[in-house]
2 protein chains.
Amino acid sequence: MTNGKSNGEAGTSQALSSQNVKALFDSVEAFLFDCDGVIWKGDKLIEGVPETLEMLRSKGKKLVFVTNNSTKSRKQYAQKFQSLGLAVSEDEIFSSSYAAAMFLKTNDFPPEKKVYVIGEEGILEELELAGFTGLGGPEDGKKKVELKPNCLFEHDKSVGAVVVGLDQYINYYKLQYGTLCIRENPGCLFIATNRDAVGHMTDLQEWPGAGCMVAAICGSTQKEPIVVGKPSTFMMEFLLQRFQISTSKMCMVGDRLDTDILFGQNSGCKTLLVLSGVTTQSVLQDPSNNIQPDYYTSSISDIFELLGP
Amino acid sequence: MTNGKSNGEAGTSQALSSQNVKALFDSVEAFLFDCDGVIWKGDKLIEGVPETLEMLRSKGKKLVFVTNNSTKSRKQYAQKFQSLGLAVSEDEIFSSSYAAAMFLKTNDFPPEKKVYVIGEEGILEELELAGFTGLGGPEDGKKKVELKPNCLFEHDKSVGAVVVGLDQYINYYKLQYGTLCIRENPGCLFIATNRDAVGHMTDLQEWPGAGCMVAAICGSTQKEPIVVGKPSTFMMEFLLQRFQISTSKMCMVGDRLDTDILFGQNSGCKTLLVLSGVTTQSVLQDPSNNIQPDYYTSSISDIFELLGP
């Protein structure tokens, strides 16, 4: 399957309807949901989500949550689901913070090397759970630099990877630290959790996403990162190990064309775009858009509305 | 003249020597100097600079200083020269902070519109001198964001341009402010003072340059900026107005291939790379480098050494 259309007419998506919803539902064993813009916006649940998830579970569908937001660990996401009244367990959650730690593990990153983090608590927590030593993160958000003669900004020479994700505490200290590690520590990896330009960090508006911080480090190092979140298919390996379901029997549901839908298509899943997040119908149907999901609909609650309880 | 070699053998630069220095000297009426890595490193003067500049002036050469560092205004640069014992007047200095203000002026930017600044004092000062209202800058370096439900981050709808330069006080507040202006204010300009990846903000080491902050805003807005500093030739128009010298009788002297030397070549100047800053001889001579200056030497003091007082 390519980035183009996978069934129906080439280059167009079908609106989800009472005519096609049953075929989609019957052909899918696992629904993969993005969270931000699909399940919630900021800290507000999107209408109709609880009944929809409950209905899917009651019909025997596997539910998986795949989020590019690296600010939380899987454990913290499970708590967030719980606080919103949704019963989702840690092992149903695949976050880009977890993906960063798993990337290092899979690639035999030496545990004696350290990982510098431009990002938030979620990355540090996942690194620790995977047995790695993280530096930086929120703590370095308070640090200041002094541009004075004879002052040398020191960095840890044993840092072997810099992980960059969304960081609301981004500052010049962290930018210099990460830049020095990547430029001066031989073989130091540059890992991006994801490159989303913006995201609904609050319910009312969008904010710069990890793509902003990642681009900053690209700008200072003139290097390109390894991306572990969507649309990279790295997380799919772990998903397949856990669920033993062919990707053709999965449907990726998300609000972003360039991450969610592309991830689904790159992995060979069916794809459903919801318009409850960052993508509008006019963006989807603009001639300049070349990422067409199989289906689109306004919100995941339409699945419930169209199929019934 | 192209990005390639302009005289001598194609694709190679000549080391400055007692054989070729006189021809260069005689053919040039104005020397254009980059500052950081050429005149000083951080706050330290590079050895041999005062006698070299003095000798050039005494032989009737015009001296011009063209810097991509936007943290200071032209007035502040004149003070810096003075503090280092060099007599350089404000109108011999062309900084990217000045270029940003001149770009707006030249393009009839409406004075009732405001300019949001991700950068330092120099940009704000030049904007004010040109009659524009700047917002942001160092002051917003203290501001924090709160990612809370029902909180709306407000921005000024009358901002018609965002100017991004080097900013040691970069934070998420400014990134969100600049991003909102560019994404939401119709026709809002995105102007970069320059895109240098790193620079000698201190004498002992390099730090992320404006290219880091500019890339961050490219990452969140998915737009490309208008660049007013080197290698853009925008500043050359002002230089020519002031000095009335043909660019073929100018020599651009700098330590960076992708800004200084490219700027010189794009403008039709002779070019001299000095190895006293960010570029090493091995980088210059690496097969992957396709920017070849006419001449290279270790430091501008070689001009003095080779020609005598």
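Predicted, not measured: the structure shown is a model, and the values here were computed from it. (Residues numbered from 1 in each chain as written. Chains lettered and ligands numbered in written order. Predicted model: local features only at pLDDT ≥ 70, side-chain atom pairs only at ≥ 80, totals over all residues. Heavy atoms only, no water.)

A. Here's a closer look at the domain arrangement of chain A. All names here are of chain A. Assigned domains within chain A: domain 1 (14-68 + 230-307) and domain 2 (109-227). Relative placement of domain 1 and domain 2: their C-alpha centres are 30 Å apart. If you look at the interface, domain 1 gives ten residues, while domain 2 gives twelve residues. Summed over both sides, the interface of domain 1 with domain 2 buries roughly 880 Å², with 44% coming from carbon and sulfur. With a closest N to O distance of 3.2 Å, Lys-44 and Asp-203 form a salt bridge. Put simply, domain 1 and domain 2 have seven residue pairs in polar contact (both at pLDDT 80 or more) between them. Broken down by class, the residue content of the side of domain 1 that touches domain 2 amounts to one nonpolar, four polar and five charged. (Domains from an automatic or database assignment. Contact = heavy atoms within 4.5 Å. Buried area = accessible area lost by both parts, 1.4 Å probe. Salt bridge = Lys/Arg side-chain N within 4 Å of Asp/Glu carboxyl O. Polar contact = N/O pair within 3.5 Å; in protein donor to acceptor, adjacent residues only side chain to side chain. Nonpolar A, V, L, I, M, F, W, Y, C, P; charged D, E, K, R; others polar.)

B. Highlighting helix H3 (residues 74-83) of chain B. Residues and elements named next belong to chain B. Of the residues making up H3, those classed as buried are Arg-74, Gln-76, Tyr-77, Ala-78, Lys-80 and Phe-81. Buried residues along H3 sit against strand E3 (40-41), strand E5 (62-67), strand E6 (93-95), helix H4 (96-106), helix H5 (121-129) and helix H8 (234-243). Gly-85, located one to two residues past H3, shows a positive phi value of around 85 degrees. (Buried < 20%, exposed > 50% of the residue type's maximum accessible area, 1.4 Å probe, protein only. Helix = DSSP H or I, 4+ residues; strand = E, 2+ residues; numbered from the N terminus.)

C. How the structure looks around the pattern of salt bridges. All names here are of chain A. Counted under the stated rule, the structure contains 28 salt bridges over all chains. Note that Asp-167 and Lys-174 form a salt bridge whose closest N and O atoms lie 2.7 Å from each other. Of the two residues examined, Asp-167 and Lys-174, each falls in the buried class. Three or more residues joined by partner-sharing salt bridges are found here, namely Asp-34, Lys-230 and Asp-260.

D. Focus on unusual backbone geometry. A cis amide bond, omega 10 degrees, links Lys-230 of chain A with the succeeding residue Pro-231 of chain A. Within the element layout of this structure, Pro-231 of chain A appears in the loop between strand E13 (226-227) and helix H8 (234-243). Not every positive phi belongs to a glycine, and Gln-222 of chain B is a case in point at roughly 55 degrees. Examined against the element boundaries, Gln-222 of chain B turns out to sit in the loop between helix H7 (210-221) and strand E13 (226-227). Look at Gln-222 of chain B and you get exposed, because its relative accessible area is 59%.

E. Highlighting the state of the cysteines. Under the criterion given, the structure shown has zero disulfides over all chains. Free cysteine: Cys-212 of chain B, not disulfide-bonded; nearest cysteine sulfur from Cys-212 of chain A at 9.4 Å. (Disulfide = S-S within 2.5 Å.)

F. Representation of the sheet that holds strand E8 (residues 133-136) of chain A in the model. Residue and element names in this part refer to chain A. Pairing is parallel in the open sheet, where five strands are placed in the order E8-E7-E9-E10-E13. Two strands in the sheet have a free side with no partner beyond their single neighbour: E8 and E13. Looking at chain direction, strand E7 (residues 114-118) and E8 are connected through four bridges and run parallel. Counterpart to Val-117 in the pairing with E8 is Gly-136. With respect to the sheet, helix H5 (residues 121-129) is in contact with E7, E8 and strand E9 (159-164), its orientation differing from that of E7 by roughly 165 degrees. Packed onto the sheet, helix H7 (residues 210-221) meets E7, E9 and strand E10 (189-192) and runs at close to 155 degrees relative to E10. (Pairing = 2+ DSSP bridges. Axes fitted to C-alpha atoms, helices over the stretch in contact; angles between N-to-C directions.)

G. Expanded view of the relation of the copies chain A and chain B. For the pair chain A and chain B, the best superposition has an RMSD of 0.0 Å and corresponds to a rotation of 180 degrees with a translation of 0.0 Å parallel to the axis. As the rotation angle and translation indicate, the two copies are arranged about a two-fold axis. Minimal C-alpha separation from the rotation axis in chain A is found for Ala-216 of chain A, amounting to 2.2 Å. Of the interface residues in chain A, 100% have counterparts in chain B that sit at the interface too, so the contact is made through matching surfaces. (Least-squares fit on C-alpha atoms with pLDDT ≥ 70 in both.)

H. Here's a closer look at the UniProt feature "binding site: Mg(2+)" (unreviewed entry) in chain A. Residues and elements named next belong to chain A. UniProt records the feature "binding site: Mg(2+)" (unreviewed entry) for Asp-34, Asp-36 and Asp-255 in the present numbering. Taken along the chain, the residues just named run across 222 residues; in space they keep tight, none of their C-alpha pairs more than 8.1 Å apart. For Asp-36, the location among the structural elements is in the loop between strand E2 (30-33) and strand E3 (40-41). Classification of Asp-36 as buried rests on a relative accessible area of 15%. Setting aside residues up to four positions removed in sequence, Asp-36 forms contacts with Lys-41, Gly-42, Gly-199, His-200 and Asp-255. The residues contacting Asp-255, other than those within four sequence positions of it, are Asp-34, Asp-36, Gly-37, Val-38, Asp-260, Leu-273, Val-274, Gly-277, Val-278 and Thr-279. (UniProt positions renumbered as here; feature names shortened; annotations may be inferred.)

I. Fine view of the interface of chain A and chain B. Contacts between the two partners involve 40 residues from chain A, matched on the other side by 40 residues from chain B. Summed over the three residues of chain A that lose the most area to chain B, namely Leu-147, Tyr-172 and Trp-207 of chain A, the buried surface amounts to 19% of that side. Salt-bridge contacts for Glu-206 of chain B lead to Arg-183 of chain A; the nearest nitrogen and oxygen are separated by 2.6 Å. Those elements that provide at least two residues to the side of chain A that touches chain B are helix H6 (172-184), strand E12 (207-208) and H7 of chain A. Top element by residues in the side of chain A that touches chain B is H7 of chain A. It accounts for seven residues. Per-class residue counts for the side of chain A that touches chain B are 21 nonpolar, eleven polar and eight charged.

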